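# Fold and geometry: a report
Spelled out from the first residue to the last, the chains are:
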Amino acid sequence: MVNTGFSIGDLHFRNPVLTASGTFGYGAEFEDFLDISALGGIILKGTTLEPREGNPYPRMAETPSGMLNTVGLQNKGIDYFEQSIYPAVSLYDTNVIVNINGSYVEDYVALAERIDKLDKIAAVELNISCPNVKMGGMAFGTDLSSAREVTRAVRAVCSKKLIVKLSPNVTNIVDFARTAEEEGADAVSLINTLLGMAVDIKNMKPSLSTITGGLSGPAIKPVALRMVWQVARAVKIPVIGIGGIMTSDDAVEFLLAGASAIEVGTASFIDPSASVKIVKGIGDYLAAKGFSDISEIRGYINRNI
Amino acid sequence: MVNTGFSIGDLHFRNPVLTASGTFGYGAEFEDFLDISALGGIILKGTTLEPREGNPYPRMAETPSGMLNTVGLQNKGIDYFEQSIYPAVSLYDTNVIVNINGSYVEDYVALAERIDKLDKIAAVELNISCPNVKMGGMAFGTDLSSAREVTRAVRAVCSKKLIVKLSPNVTNIVDFARTAEEEGADAVSLINTLLGMAVDIKNMKPSLSTITGGLSGPAIKPVALRMVWQVARAVKIPVIGIGGIMTSDDAVEFLLAGASAIEVGTASFIDPSASVKIVKGIGDYLAAKGFSDISEIRGYINRNI
Amino acid sequence: MAKRVEDLTVTANRRLNREYFVLELSSAGPLPEMRPGQFAQVRVEGSSTTFLRRPVSIHDFDPVENKIKLLVQIVGKGTEALSGLKSGDLLNMVYPLGNSFSLPGRGEKALLAGGGCGIAPLLFLSRYLAANGFEPDILLGFRNKERILESGEYEKFGRVFLTTEDGSAGEKGFLTEHPVLLSGKYDIVYCCGPEPMMKAVASICKEQDIRCEVSLEQLMGCGIGACLCCVVDTVKGNLCTCTDGPVFNVNDLKW
Amino acid sequence: MAKRVEDLTVTANRRLNREYFVLELSSAGPLPEMRPGQFAQVRVEGSSTTFLRRPVSIHDFDPVENKIKLLVQIVGKGTEALSGLKSGDLLNMVYPLGNSFSLPGRGEKALLAGGGCGIAPLLFLSRYLAANGFEPDILLGFRNKERILESGEYEKFGRVFLTTEDGSAGEKGFLTEHPVLLSGKYDIVYCCGPEPMMKAVASICKEQDIRCEVSLEQLMGCGIGACLCCVVDTVKGNLCTCTDGPVFNVNDLKW
Ligand SMILES: Cc1cc2nc3c(=O)[nH]c(=O)nc-3n(C[C@H](O)[C@H](O)[C@H](O)COP(=O)(O)OP(=O)(O)OC[C@H]3O[C@@H](n4cnc5c(N)ncnc54)[C@H](O)[C@@H]3O)c2cc1C
Ligand SMILES: Cc1cc2nc3c(=O)[nH]c(=O)nc-3n(C[C@H](O)[C@H](O)[C@H](O)COP(=O)(O)OP(=O)(O)OC[C@H]3O[C@@H](n4cnc5c(N)ncnc54)[C@H](O)[C@@H]3O)c2cc1C
Ligand SMILES: Cc1cc2nc3c(=O)[nH]c(=O)nc-3n(C[C@H](O)[C@H](O)[C@H](O)COP(=O)(O)O)c2cc1C
Ligand SMILES: Cc1cc2nc3c(=O)[nH]c(=O)nc-3n(C[C@H](O)[C@H](O)[C@H](O)COP(=O)(O)O)c2cc1C
Ligand code: FES
Ligand code: FES
């Protein structure tokens, strides 16, 4: 049997496949399609302190091998989360991770404090890379000192594992990963969406209500892979690769480039059971190549460089 | 008749379709497929002071809706250019533009001086965004003070129109566009390729000899459009849009977002006559929409914002 | 009603006219329970510009024959590609998705009003209403005679009224001008079609204080409530067309 | 030889075995002049992972019948998609591209040596040599009897020698062990196949001081000399396989 498990510190994941925030709802949406306990973990839709209605419609546009979205963190806020969502997700037999978002450092801190009290939440993913909100979000993830400040503040109140989710919309993502590591993050996840845009030439206006939005899907995979490779060589904490992973072959590319785990995002829209297929495919790849533990292939490409 | 011409200062282009550097050779490669005088202009393959052998094979990888390349500015240098290429390209009845590259500011300056003496060259495209060279290239295009220095230095010796080609691998491309404008650039062109990577999971190694390479093609169009829109609102000089333009519909998206002209890159590999089809398609679009001059649609989407 | 991802087999692809075609699909095992108003997210293979699935209403569902039909209008790359499907080809669908039209109350009289491609979900609804003992009236509006779609099918389940904009068949004019709609004799109107048409029908219903349910077509990323892209601004806040809809009572919409 | 972009019509798609097929194509007008060794860049519609064209050798060209053939091995998405082409389908090609094999000198004796898919350009070459008055010997190597491709076709133009690795047909062993190759009686050897095979043939030729031309398969972006991705490191520096090749004299390669 091949071991595909991995750990962030003392938090164990039975396999390296997580679902990316904002693309897997709260899990329930996918129960007809897969067994959630077959996943390494699920990362819930971005949560904020207050309820948010999100951005106006239209919120998406299809692009070559990808999609743009500008959801704008629509969610019912932490109160509702504690009361109505937490009881449901805490029944899942896998690691449940909350993706937290804010406009100010204080928002993130208040959220992290609240989530820290929720026993069954395994970790917090600190999202400093949402491109679709007017305040906060990516502003934290594209400025080093803000990134440092928010990571430090959240770390101070968060006894759970802390994953910092990085923005690709920067000149040097390695600096941000190092900063997260320095401030005590237990892992980094990357990439969030690339800031993009589409124009509706028939109506001569932007395709999205907010003009720009976040690009996800296979189109961004080469950029994501490059960043994961760069970051994995630069930090010691686990790196979680995200971006355009549709198949286990894509996932293996990230593992070979240095990722300890991966998140499946947009793929779940195309095939709601994509994530579990990827779990299986990674095992098959390892077996076919004669490896018995996933750690043997982590960053493998660096050997021949 | 619809007018699709545009100008950079007193340099007129009969239509807004140029060919992107490194994707159209020196024109001759395409003579069987199209009439070069039907184009607004052609931008020749990146030229350096000394001959360069470029990077080792493999130099490319196919990616979803795109490709990665790491050619590394293979070219025979400016001496050869003057002797053997210039005489041929100066016969073309269109604007011929040289894309210049260097490892040091002095290289760019020396090149610009040499090209300034070549009568039939209409403009210089200053490439500070090549991701595939160890020295120079993108290093200039991702650091504001280097970008300023090289633009200033080249401007000082270049009496031809100067187009600065920007890198998308930055946090804020608008800063670079403004810097180019401040230093006297006559136009900016964007984007060059996004830094990306692919892994060959069969052989467990990077797909490219240099590990990372430049991503081009439809995959990058949403990022390119976003940057063109941002830059076009921020500068007064003409903006030339580049990135994943395969059809005239794509080109129109850039024009509506604020571009004065566009460059066709990777599309010429898929369809060697793509560029002339785009010329025609832009005219058809304008006619169908009832416009008589291309300037009427430039940045049109900003009206409804 | 459990959702599934499944390859269905195309058993027929019938071209109605230049723009429309009907796909008939069957599955090896029994098809799941479905309700009128629900839709499928179909996968369009074979183009980098059809990355996302396409939402298509269940046009008809015959549990006895274990068959479903989709009525599709060619508007772009995806629907164009689907139009080329042949008998024996597979079509991957995520289905059944979304809510459904509500049943009328006992003894209530229902009118179905559909324009153009909007008639798609109404055939299944007619069948369903008839099966449940109702005798729906069905008002269908088209641009002209050539564009009339499947009206014969609807006649199996209720009385059909036609309008064409040019008068080449049925009443001349817009669907919204047809006397049955203005007759005031209905308790509920089910409507599907272009948004301006639905809005007009909704306002006619409001005036007459008739319940009105419409089926919306918002751009969809996932179809299963995961992406929050298909929202519609309602009196209850942003709701998802794919899970809270596609059928909405017009009183909930900010129309 | 002017290059063109053109839709050719598939007139036949003949499956040779699980892995190989032959496409026959014709065009409405006369096909352009072509030389053996040249190739086409074919467009694979229908997948986001077949964004670039695929280079395929001209397997055969009959100017009289105005037909060309491609011999294709299924190795990935693109070739898989091509294998599904049917008579009447269109295939968009940029062609003819690249240089070609040189003709032998007057009275010279030529051997064609091809392994697996590498035999593709050699049929056209055989025909061409025969048409120009030469009597080529043709050595073809396959893994086993089942994998023998089109050897009957080659017999029309020269004497054919076969090897199979398991001895199920022809001589047992590798092509590079066949006595004709070691006979020393040829003035020029044309070789195409997997790189290790070509290198082995090249070194046998070098020992015997025989001219040797090989056809290389480098990854290609454009096929027309524009992208500089298909380079091969030669004694003359980096050369483009698509324009300076695909045929190279082995003395120019750093093998
Ligand atoms: C719940 C629901 C049920 C539907 N039922 C049917 C049906 O039964 N039959 C049918 O023919 N169509 C139906 N549609 C519309 C159908 O989904 C779109 O026509 C289709 O997705 C267009 O795909 P395309 O690739 O051909 O067009 P594209 O090339 O993607 O786009 C062409 C044009 O269509 C517009 N468009 C694309 N998607 C949608 C959409 N979801 N809604 C409205 N406009 C769109 C685009 O903005 C563009 O202008 C339904 C939509 C929804 C949301
Ligand atoms: C000048 C030239 C002539 C050729 N002639 C023929 C021919 O006559 N018949 C034929 O079957 N094939 C020929 N090839 C090879 C053919 O181009 C590739 O097999 C094809 O592009 C693979 O496409 P795919 O989408 O099926 O594979 P992909 O899914 O793209 O790749 C599958 C595997 O094939 C490898 N591969 C992809 N492209 C090439 C390539 N250009 N060269 C070598 N390996 C590659 C990939 O690295 C990968 O491992 C020729 C190649 C060249 C350069
Ligand atoms: C519709 C949508 C909503 C998203 N919402 C969030 C979010 O709330 N929080 C977050 O950190 N990332 C969010 N993301 C980003 C994804 O988690 C992921 O980082 C990104 O989509 C890239 O991965 P992919 O290409 O596999 O989709 C969202 C992405 C999409 C497409
Ligand atoms: C093979 C290749 C070589 C390139 N060489 C150069 C170059 O020499 N100089 C340059 O400024 N840009 C070069 N580029 C970048 C293109 O000019 C263009 O900016 C980029 O490809 C994005 O446009 P596209 O998506 O239309 O291809 C090259 C791109 C490719 C694909
Ligand atoms: S389409 Fe994704 S939530 Fe409705
Ligand atoms: S394939 Fe582009 S130069 Fe040869």
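This text gives an overview of the structure that appears in the document.

Tallied over the entire structure, the rule returns 58 salt bridges over all chains. We note a salt bridge from Glu183(B) to Arg148(B), for which the minimum N-O separation is 2.8 Å. In this pair, Glu183(B) sits in the loop between helix H5 (173-182) and strand S10 (187-190) while Arg148(B) sits in helix H4 (residues 144-157), placing the two residues 35 residues apart along the sequence. Taking the relative accessible area as the measure of exposure, Glu183(B) reaches 10% and is therefore buried. With its nearest N and O atoms 3.6 Å apart, the salt bridge here joins Lys67(C) to Glu24(C). Of the two residues, Lys67(C) sits in strand S6 (residues 67-73) while Glu24(C) sits in strand S2 (residues 20-26), which places them 43 residues apart along the sequence. Its relative accessible area of 26% is what places Lys67(C) among the partly exposed residues. In this structure Glu24(C) comes out as buried when scored by relative accessible area, which is 15%. Members of the salt-bridge network, linked through shared partners, are Arg148(A), Arg152(A), Glu182(A) and Glu183(A).

Next up on the list: the layout of surface pockets. Counted as a void, the second largest pocket has a volume near 600 Å³. Forming the boundary of the second largest pocket are 26 residues, of which Tyr26(B), Lys45(B), Lys76(B), Tyr80(B) and Leu228(D) lie nearest the centre. The set of elements that each furnish at least two residues to the lining of the second largest pocket consists of helix H1 (77-89) of chain B together with strand S15 (237-240) of chain D. Ranked by residues supplied to the lining of the second largest pocket, first place goes to H1(B) with five residues. Its residues placed into classes, the lining of the second largest pocket shows twelve nonpolar, six polar and eight charged.

Moving on: the packing of aromatic side chains. Counted according to the given criterion, the structure contains 14 aromatic pairs over all chains. For the pair Tyr108(B) and Phe140(B), a centre-to-centre distance of 5.3 Å together with 90 degrees between the ring planes defines the contact as edge-to-face. In this pair, Tyr108(B) is assigned in helix H2 (residues 105-116) and Phe140(B) in helix H3 (residues 138-141), connecting sequence segments 32 residues apart. Accessibility classification places Tyr108(B) together with Phe140(B) in one group, the buried group. Members of the aromatic cluster, each reached through a chain of ring pairs, are Phe61(C), Phe124(C) and Tyr128(C).

Quick notes on the rules
- Residues numbered from 1 in each chain as written.
- Chains lettered and ligands numbered in written order.
- Predicted model: local features only at pLDDT ≥ 70, side-chain atom pairs only at ≥ 80, totals over all residues.
- Heavy atoms only, no water.
- Salt bridge = Lys/Arg side-chain N within 4 Å of Asp/Glu carboxyl O.
- Helix = DSSP H or I, 4+ residues; strand = E, 2+ residues; numbered from the N terminus.
- Buried < 20%, exposed > 50% of the residue type's maximum accessible area, 1.4 Å probe, protein only.
- 1 Å grid on protein atoms, 1.4 Å probe; cavity = no way out; pocket = protein on both sides within 12 Å on 5 of 7 lines; lining within 4 Å.
- Points joined across faces, edges and corners; volume = space filled by probe spheres on them.
- Nonpolar A, V, L, I, M, F, W, Y, C, P; charged D, E, K, R; others polar.
- Phe/Tyr/Trp six-rings, centres within 6.5 Å; stacked < 30°, edge-to-face > 60°.

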